[in-house]
Amino acid sequence: MNINNLFTYEIIAQETPYIKRNCSKCKTNTEFYCSEKFRVNANQKIVDIWLIYNCIHCEGTWNYPILSRVNINKIDSWLIQKFMNNDNETIWYYAFQINKLRKLCSDVNTDIRYELRKEKLDLLSNEVTIRFCYKHDFGLRIDKLIAKILGISRSKLNRLSQNGTIVLNPNINMKSKVIDDLQVTIIGDWYQGDHQ
């Protein structure tokens, strides 16, 4: 593959996922958003850390446990500082721990806004490879994303995948979730003719 035909697409989340759980104030199962603030409670050398979520209706809170009853000497001092300073990158790291959140909540809404920061794609080349950078995983499906980029239907995309025109590296199912450093190679002149 010609290195000139490698294009990088960065998938950038524009918001953190909402969670759904029972609100003690509203007395109903409702959505909560990430407040982007940690709560740190230190009792002598024992520390508890939560990420605070707010109810979208009443601003009632739910504390998502990050660390529970941990000796402060077992936590790196730079990490404690990040918790104390509400470091945005650290907050987003925990807000995207979707599998852990699903065990604590009734649902996690991963249908979030995102931006595709991309290089101009040269589809006139005989072979192009798109490499995806994906820092925060929110369950975006490969087929949905590639169909959007190429401007074709998912059924047509599926046919192109089955006939070897579109190849994934690593070789995973087109209906799988996007992973960081996924490479999608498009071979041949598929763009000519049928664009259904």
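Data block above holds the structure.
Note that the coordinates shown come from a computational prediction; the quantities given were computed from them, not determined experimentally.

Along the chain, Thr-28 falls in strand E3 (residues 28-43). Ignoring any residue separated from it by four or fewer positions in sequence, one finds Thr-28 in contact with Arg-21, Asn-22 and Cys-23.

With that settled, consider the sheet that holds strand E10 (residues 183-187). The strand order E7-E1-E8-E10-E9 describes an open sheet built from 5 strands, whose pairing is mixed. Two strands in the sheet have a free side with no partner beyond their single neighbour: strand E7 (114-118) and strand E9 (166-169). Here the strands of the sheet are splayed against their neighbours by 20 degrees on average, with no regard to which way each runs. Bridge count for strand E8 (residues 127-134) against E10 is 5 bridges, and the pairing is antiparallel. By the bridge assignment for E10, Thr-129 is matched with Thr-185. Against the sheet, helix H4 (residues 142-150) makes contact with strand E1 (6-13), E7, E8, E9 and E10, and its axis sits at roughly 55 degrees relative to E7, the strand it touches most.

All buried positions along helix H1 (residues 77-84) are accounted for by Leu-79, Ile-80 and Phe-83. Axial view of H1: buried residues confined to an arc of 100 degrees, hence all on one face. The outward face of H1, more than 90 degrees from its buried face, is lined by the exposed residues Ser-77, Trp-78 and Met-84. Packed against the buried residues of H1 are E3, strand E4 (46-55), strand E5 (61-71) and helix H2 (88-95). At the C-terminal side of H1, Asn-86 shows a positive phi close to 50 degrees.

Attention shifts here to the sheet that holds strand E6 (residues 107-109). The 5 strands lie next to each other as E5-E4-E3-E2-E6, forming an open sheet whose pairing is antiparallel. With one partner strand each, in any of the chains shown, E5 and E6 form the two edges of the open sheet. Neighbour-to-neighbour, the strand axes of the sheet open up by a mean angle of 40 degrees, direction not taken into account. This element, H1, spans E3, E4 and E5 of the sheet and lies at about 130 degrees to E3. Along the sheet, H2 contacts E3, E4 and E5; its crossing angle with E3, the most-contacted strand, is approximately 130 degrees.

Its place among the elements puts Leu-104 in helix H3 (residues 98-104). Along the sequence, Leu-104 and Ile-72 sit 32 residues apart, while their C-alpha atoms lie 25 Å from each other.

Criteria and thresholds
- Residues numbered from 1 in each chain as written.
- Predicted model: local features only at pLDDT ≥ 70, side-chain atom pairs only at ≥ 80, totals over all residues.
- Heavy atoms only, no water.
- Helix = DSSP H or I, 4+ residues; strand = E, 2+ residues; numbered from the N terminus.
- Contact = heavy atoms within 4.5 Å.
- Pairing = 2+ DSSP bridges.
- Axes fitted to C-alpha atoms, helices over the stretch in contact; angles between N-to-C directions.
- Buried < 20%, exposed > 50% of the residue type's maximum accessible area, 1.4 Å probe, protein only.
- Arc of directions from axis to C-beta.

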